[in-house]
Each structure stands twice: as structure tokens, then as C-alpha cells.
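Coordinate analysis (summary)
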Amino acid sequence: MDRQGNQFNYEGLTLYRGQWVLDDKYVLAWWQPVDDGDIKYLPMFDPATKILYDVRELAGIPDNFTSLYTPVSPDGNYVWMEGWNESYLVNLTTFESQHYTYSNPSSYTDIDWSSDSKFTWFEIYDPDTKSTEVKILSISDMNLSPLPVMPQSESEHLWHPIDNVVVYPTKDKNTLIFWDATTMSFRELPFKDQNSRYKISNLAWNPNGDKLIFITESHILWQVDYPALENLEQIIASTNTISGAQWSPDGKSISFLNGSDIY
């Protein structure tokens, strides 16, 4: 349905998944691009009235805009509509949208929402230079801010489960950065062992966010306390590859893979 109340014909639309949005009152449909080709609509279903609304049209996004993927904020109030060399951030409550374009028409983005939906980790990949620029998008003012310390190429990052803090390794592999998106400040956890540098992976917060675990390429599983960034300790070291470390829901145990075994 458009702003004038006209119904759309969605006959033949291939939907394979949906996500509840706006206090679980609507379902934002995920389409199957393999079957539907270029997608120029974003269906949102109202179970009470059994009506499909087109978010793209309601937000005033041009008819020729093709959506590639549509990650929704955790609170269900915003959707990021990624397109070719341009994107839109849409407020699903008001249908106001913010338009973003990239200097290189071939560039594309990847975003990751903070747990409270106030920020996103915003990566812009340039296929010509094979470089990635990372910024933080603030939902309150729709502005993009560059990170003061750039992350290691193709590294992991992870938002804190409660605070607006994202952690990531630096380019030189010597430091973990804890960037506070609210205060736009950061803290460092220097990480060296016998003058060696380590590629850090498998970042995982415990459920309440007071401990962080990660794995280095030397096959060591580490743990550090947060926010003090103290008590850095080895949990286990191995000659095999350690991977897949994660916390149990109660935060009392850690599971991980060690070679072909599960611990």
C-alpha cells in the first residue's frame, strides 16, 4: 500500500523469511533475490489488517532503487536498505529516510548494529583499491564518524552486549581497541608476548559483558576483565587450532573446539 492507500499486487513474490518490527506489530519480509531478480520493494506485513505495505514507497525512495539486503535494528525501529553505490536508513515509525552515497560507484557497505540500536559499525569496501574504510554511524543525528584507530584488515569486531562499546584489533596486531561510540573515546589493551605480534580472532563477550575472551594465532584462548581491562590470562594453550569459543547462557562455562575435539 502506498501513501495514498493504493494496494500493491505482490502476486508471485517469493518470501522466505520475516522479522518482527515496531514492537512486534508488523513483519518485515525478507525476499529471495535468486527468484525475484532486482528487488525494488520492501514488503512489511500487518497481521491485523492482512495488508502488505511497501517500505520503499512509503519512505519516498525512488522506484529505480534496487535493494540488496535489509538489516533491521535490534529494537525493530530502523531498517538499512543497502543498494548499488547508495543506501538508505529508514525510520519505520515515521518512514523518514536518510540517503547515503559513496565516492566510488562500485563500493558497497556492510553494517553491524549496536545492541541498543543507537549506532552501527559501518564498513565501506572499495573493490578497485581492495581497501575497507570503517566508520561509526550515529542513529540520533545520522552522521558518520571515522574511527581514531583503524582496525586490522579483515579482522573481527564485536559490540558490547549492553554498552555502546565496540572492540577490535589494530592494524599492527599489538592492541585491542575498545571504542566508546557515545563519548567518541577509546581505551587500549596492549597485547604483546615476547615481542611477538598476534592476529586476534573469535571475540566473545560473556552475557553481562564483564569478561571478554579471544583467540590468538598461537593457539591460545585468552580472557580479560571489562571495564577494568585487567586480569589478562590464558585459559588454555594448545598445539592444535582452537576455534569456536563461546560462553554458555549463564556465563559460567566456555565451549570451544580444539583440533577435532569439543571442550
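The structure we're discussing is the one just above.
Rules behind the numbers
- Along each chain, residues carry numbers from 1 onward, in the same order as the chain's sequence is written.
- Local features are withheld for residues below a pLDDT of 70 in this predicted model, meaning they are given only at 70 or higher, and side-chain atom pairs are given and counted only at 80 or more; totals for whole chains, interfaces and linings count all residues.
- Note: side-chain values were computed over all heavy atoms of the structure, leaving out hydrogens and water.
- For two strands to count as paired, DSSP must find a minimum of two bridges between them.
- A run of H or I in DSSP becomes a helix once it reaches four residues, and a run of E becomes a strand once it reaches two; helices and strands are each numbered from the N terminus.
- Pairing of aromatic side chains requires ring centres within 6.5 Å, counting the rings of Phe and Tyr and the six-membered ring of Trp. Pairs whose planes differ by under 30 degrees are stacked, by over 60 edge-to-face, and all others tilted.
- Exposed residues in this analysis have more than 50% of their type's maximum accessible area, buried residues have under 20%, and partly exposed residues fall in between, with area computed by a 1.4 Å probe over protein chains only.
- Counting of polar contacts relies on pairs of N or O atoms within 3.5 Å, with two restrictions inside protein: one atom must be capable of donating a hydrogen and the other of accepting it, and residues adjacent in sequence are counted only when both atoms are side-chain atoms.
- For salt bridges, the criterion is a side-chain nitrogen of Lys or Arg within 4 Å of an Asp or Glu carboxyl oxygen.

1. A few points about the sheet that holds strand β14 (residues 165-169)
Hydrogen bonds along the backbone pair up the strands of a sheet, which may run parallel or antiparallel. Within the open sheet, the 4 strands sit side by side as β13-β14-β15-β16. Their pairing is antiparallel. A strand with exactly one partner marks an edge of an open sheet, and here the two such strands are β13 (158-159) and β16 (185-190). With 6 bridges joining them, strand β15 (residues 175-180) and β16 adopt antiparallel strand pairing. Bridge pairing in β16 places W179 opposite F186.

2. Regarding the packing of aromatic side chains
In the structure shown here, the tally under the stated rule is 9 aromatic pairs. Ring centres 5.0 Å apart and planes at 85° place the aromatic pair F65 and Y88 in the edge-to-face group. With a gap of 23 residues between them, F65 in the loop between α2 (55-58) and β5 (67-69) and Y88 in strand β7 (residues 86-91) connect regions that are remote in the sequence. For F65, a relative accessible area of 2% puts it in the buried group. For Y88, a relative accessible area of 8% gives the class buried. Measuring from ring centre to ring centre gives 5.4 Å for W80 and Y100, while their planes differ by 40°; the resulting arrangement is tilted.

3. Overview of the side chain of S248
Of note, S248 is situated in the loop between β21 (242-247) and β22 (254-258). Side chain to side chain, S248 and D250 meet in a polar contact 2.6 Å long.

4. Observations regarding the pattern of salt bridges
All chains considered together, the criterion is met by 4 salt bridges. Where D54 meets R56, a salt bridge forms, and the shortest distance between an N and an O atom there is 2.6 Å. With respect to class, D54 is no different from R56; both count as buried. Of the charged contacts, one joins K135 and E133 as a salt bridge, the two residues approaching to 3.6 Å between their closest N and O atoms. Residue classification places E133 among the partly exposed residues on the basis of a relative accessible area of 38%. The network of salt bridges with common partners includes D54, R56 and D63.

5. Quick notes on the sheet that holds strand β23 (residues 261-262)
Reading across from one edge, β21-β22-β23 is the order of the 3 strands in this open sheet, with antiparallel pairing throughout. Single-partner strands in this sheet number two, and they are β21 and β23. As paired elements, β22 and β23 share 2 bridges and run antiparallel to each other. Paired with N258 across the bridge in β23 is D261.

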